[in-house]
Amino acid sequence: MAAMERYDLIVIGTGPGGYHAAIRAAQLGLKVLAVEAAEVGGVCLNVGCIPTKALLHAAETLHHLKVAEGFGLKAKPELDLKRLGAWRDQVVGRLTGGVGTLLKGNKVELLRGFARFVGPTEVEVEGKRYGAKSLILATGSEPIELKGFPFGEDVWDSTRALRVEEGIPKRLLVIGGGAVGLEFGQIYRRLGAEVTLIEYMPEILPQGDPETAGLLRRALEKEGIRVRTRTKAVGYEKKKDGLHVRLEPAEGGEPETLVVDKVLVAVGRRPRTQGLGLEKAGVKVDERGFIPVNARMETSAPGVYAIGDVARPPLLAHKAMKEGLVAAENAAGRESAFDYQVPSVVYTSPEWAGVGLTEEGAKRAGYKVKVGKFPLAASGRALTLGGAEGMVKAVGDEETDLLLGVFIVGPQAGELIAEATLALEMGATVTDLALTVHAHPTLSEGLMEAAEAFHKQAIHILSR
Ligand SMILES: Cc1cc2nc3c(=O)[nH]c(=O)nc-3n(C[C@H](O)[C@H](O)[C@H](O)COP(=O)(O)OP(=O)(O)OC[C@H]3O[C@@H](n4cnc5c(N)ncnc54)[C@H](O)[C@@H]3O)c2cc1C
């Protein structure tokens, strides 16, 4: 028998978490093997972040042409869905190719196949064994199926919903008011579908700040998306005129029927741990299927790390990436811990973004909470861009003036949240944010003015 191949580190999965871990480990001098069962780049590049953002951009460009009629731009746009699909694939292909090149350029060995543990620090891929001092599990997640709605031709997961070139249904029901459901709801609405979106909780984005989430909901409703909160879907029947979906109030009660052509289930994702042979390595899994880790990203098994969606929520690419760096640094003998603020963004238009503590969360943590708000209707830049929907909201501690959280709904919210994240990382006070000179006219001024409003000194709105 051939000798088993040995590495310093084996990374399982090449999504955002895995490729970050592999590259950082190689930069630190480790001999690294990366194993990938499907496409390099994982969910984010192939069927997640990137293709959805491409479709959202196309849908927004189309939508802006309508808004532009207001300043005299007349056009009769026609969107060729086949071309759109090809462009989406081209963007994905370029980025996944880029990751492949980066792995190679960093001398990370890439192996195609499904890896499973056969010993504490040994895996088998396609019948061959590979050993390493350390292993990083970055196997990601997959869509959760909803009871009564098994995935199929009429019930889509997010991956199927990406294929707009196969036709836009006349009537679409989106189940789930998280980022994925909202983004697809808007894509399909803007490409011509009648969209109903249902959310079980009292407001969309239940983990976020309800005030800014409510503003986003109203903006989506203005576009004709019917948003139903406190509502659940319990099953459906296929009839001649479409799918008859049974909806009920969240607490139960009087059911009603909604007739649609397709259903998109976007109720969440579950960690991918099946078939990995984790018991062989002594890696524990919690009751929700996640692999518990400490701040160093270590699992219950010595030398085995877990990162990204398979480790813990929030299921976000940038979180997976940073965790990958932390795990790789520890595998290389450094002392590294994950202790960061993680922003989250919804790429609808207007966008929604948040970082840090909500008012509710800050109260629970014992702060004397105060907020400062700045509506974009008072932003010169927002008006010149043709839309003034949204606001910036800063949450702070009244006693120490410490900034605790920022929530934004409006154009470019996802770009603006980076400043708020840096402010939190630097321990900025609300005054620090207010004293920073922001270029005029920019949307970013909203952050400064929200900080000024916190002290009842905003210039472009009246303080009450
Ligand atoms: C529609 C959609 C849109 C999204 N948009 C955003 C967004 O805009 N921003 C954002 O931050 N996040 C977004 N996400 C979430 C983001 O995609 C994930 O958080 C991210 O991909 C997680 O990275 P990961 O490295 O943990 O795992 P994944 O990206 O899931 O990658 C895991 C990889 O491991 C491979 N693998 C699994 N098991 C094995 C095995 N045993 N052997 C070998 N290989 C294996 C898989 O094939 C896969 O390639 C979106 C998700 C979806 C579904």
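Small disclaimer: the values here were computed from a predicted structure and weren't measured.

## A word on the overall build of the protein
Then step 1. The helix and strand tally for the protein stands at 14 helices and 22 strands.
Then step 2. Compactness check: the protein gives a C-alpha radius of gyration of 24 Å against a globular reference of 23 Å for 464 residues, within 12% of the reference.
Then step 3. Projected onto its principal axes, the C-alpha positions of the protein cover 75 × 65 × 45 Å.
Then step 4. Total accessible area on the protein is roughly 21,900 Å²; 53% of this is exposed by carbon and sulfur atoms.
Then step 5. Both charge centroids of the protein, one from 57 positive and one from 59 negative side chains, sit 3 Å from each other.

## Some thoughts on the site of the ligand
Then step 1. If you check the shell around the ligand, you find 40 residues, and the closest are Gly17, Glu36, Lys53, Asp309 and Ala317.
Then step 2. Here the ligand has 1,000 Å² of accessible area as a free molecule, and 94% of this is covered by the chains.
Then step 3. Ranked by residue count, the leading element in the shell around the ligand is helix H2 (residues 42-47), at four residues.
Then step 4. Among the residues making up the shell around the ligand, the classes are represented as 20 nonpolar, 14 polar and six charged.
Then step 5. If you count residues domain by domain, the shell around the ligand takes at least three from each of domain 1 (5-143 + 270-332) and domain 2 (155-267).

## Regarding the pairing of strand E1 (residues 5-12)
Then step 1. Here E1 pairs with strand E6 (residues 128-137) via seven bridges, running parallel. The residue of E6 that forms the bridge with arginine 6 is glycine 131.
Then step 2. Bridge count for E1 against strand E2 (residues 32-36) is four bridges, and the pairing is parallel. Directly across from isoleucine 12, in E2, lies its bridge partner valine 35.
Then step 3. Handedness of the crossover joining E1 and E2 through helix H1 (residues 16-27) is recorded here as right-handed.

## Some details on helix H14 (residues 445-454)
Then step 1. Of all 10 residues in H14, nine are buried; the element is thus mostly enclosed.
Then step 2. Among the residues of H14, Glu445, Gly446, Leu447, Met448, Glu449, Ala450, Ala451, Ala453 and Phe454 are the ones counted as buried.
Then step 3. Where H14 is buried, its residues meet strand E20 (369-375), strand E21 (391-397), strand E22 (403-410), helix H12 (413-425) and helix H13 (430-435).
Then step 4. Lysine 456 occupies a position one or two residues after H14 and carries a positive phi of about 55°.

## Focus: the environment of proline 120
Then step 1. Secondary-structure assignment places proline 120 in the loop between strand E4 (115-119) and strand E5 (122-125).
Then step 2. Measuring from C-alpha to C-alpha, the distance between proline 120 and glutamate 251 comes to 47 Å, with 131 residues separating the pair along the chain.
Then step 3. Proline 120 has contacts with Leu135, Lys280, Ala281 and Val304, leaving out every residue within four places of it along the chain.

## Here's the deal with the sheet that holds strand E8 (residues 155-156)
Then step 1. The five strands are arranged E8-E15-E9-E10-E11 in an open sheet whose pairing can be described as parallel. Each edge of the sheet is formed by a strand with only one pairing partner; in this case those strands are E8 and strand E11 (226-228).
Then step 2. The pairing of strand E10 (residues 194-198) with E11 spans three bridges and is parallel. Of the residues in E11, the one forming a bridge with isoleucine 198 is arginine 228.
Then step 3. Seen against the sheet, helix H6 (residues 179-190) touches E8, strand E9 (171-175), E10 and strand E15 (262-265) and runs at an angle of roughly 165° to E10.

## So, the domain arrangement of the protein
Then step 1. Taken as a whole, the protein is organised into domain 1 (5-143 + 270-332), domain 2 (155-267) and domain 3 (350-455).
Then step 2. Each of domain 1 and domain 3 has a C-alpha centre, and these two points are 31 Å apart.

## A word on the packing of H1 against helix H9 (residues 317-331)
Then step 1. Interaxial distance between H1 and H9 falls to 7 Å at its minimum, and their mutual angle equals 30°. By the angle between their axes, H1 is roughly parallel relative to H9. Where H1 crosses over H9, the two elements pack in a sense that is right-handed. Contacts from Pro16, Gly17, Tyr19, His20, Ala21, Arg24 and Ala25 in H1 reach Ala317, Ala320, Met321, Gly324, Leu325, Ala328 and Glu329 in H9.

## A look at the nonpolar core
Then step 1. The biggest cluster of nonpolar side chains holds 53 residues, and the ones touching the most others in it are Ile10, Val32, Val123 and Leu137.
Then step 2. Broken down by element, this core gets its largest block of residues, six residues, from H1.
Then step 3. Those residues in contact with leucine 137 that sit more than four places away from it in its chain are Ile12, Phe117, Leu278, Val283, Ile291, Val304, Tyr305, Ala306, Ile307 and Val310.

## Observations concerning the UniProt feature "binding site: FAD" (unreviewed entry) in the protein
Then step 1. Mapped onto this numbering, the UniProt entry annotates "binding site: FAD" (unreviewed entry) at Lys53, Thr139, Gly140, Ser141 and Asp309. The largest pairwise C-alpha distance within this set of annotated residues, which runs over 257 residues, is 22.6 Å, so the set is dispersed in three dimensions.
Then step 2. Position of threonine 139 among the secondary structure elements: in the loop between E6 and strand E7 (141-143).
Then step 3. Setting aside anything within four residues of it in sequence, one finds threonine 139 in contact with Ile12, Arg272, Leu276 and Val310.

## Focus: H6
Then step 1. Spanning 12 residues, H6 covers 17 Å between terminal C-alpha atoms, matching the ideal 16 Å at 1.5 Å per step.
Then step 2. Within H6, nine of the 12 residues are buried, which leaves it mostly tucked inside the rest of the structure.
Then step 3. Among the residues of H6, Gly181, Leu182, Glu183, Phe184, Gly185, Gln186, Ile187, Tyr188 and Arg190 are the ones counted as buried.
Then step 4. Once H6 finishes, glycine 192 follows within two positions and takes phi at roughly 115°, a positive value.

Here is what the cut-offs are and how they apply
Residues numbered from 1 in each chain as written. Predicted model: local features only at pLDDT ≥ 70, side-chain atom pairs only at ≥ 80, totals over all residues. Heavy atoms only, no water. Helix = DSSP H or I, 4+ residues; strand = E, 2+ residues; numbered from the N terminus. Rg over C-alpha atoms; globule rule 2.2 N^0.38 Å. Areas by Shrake-Rupley, 256 points an atom, 1.4 Å probe, with all protein chains shown as cover. Lys, Arg positive; Asp, Glu negative; His and termini not counted. Charge placed at Lys NZ, Arg CZ, Asp CG, Glu CD. Near = heavy atom within 4 Å. Nonpolar A, V, L, I, M, F, W, Y, C, P; charged D, E, K, R; others polar. Domains from an automatic or database assignment. Pairing = 2+ DSSP bridges. Right-handed = clockwise from strand over helix to strand, strands pointing away. Buried < 20%, exposed > 50% of the residue type's maximum accessible area, 1.4 Å probe, protein only. Contact = heavy atoms within 4.5 Å. Axes fitted to C-alpha atoms, helices over the stretch in contact; angles between N-to-C directions. Parallel < 35°, antiparallel > 145°, perpendicular 65-115°, else oblique. Left-handed = near helix turned anticlockwise from the far one by under 90°. Core = buried A, V, L, I, M, F, W, Y, C linked by side-chain atoms within 4.5 Å. UniProt positions renumbered as here; feature names shortened; annotations may be inferred. Expected span 1.5 Å × (residues − 1).

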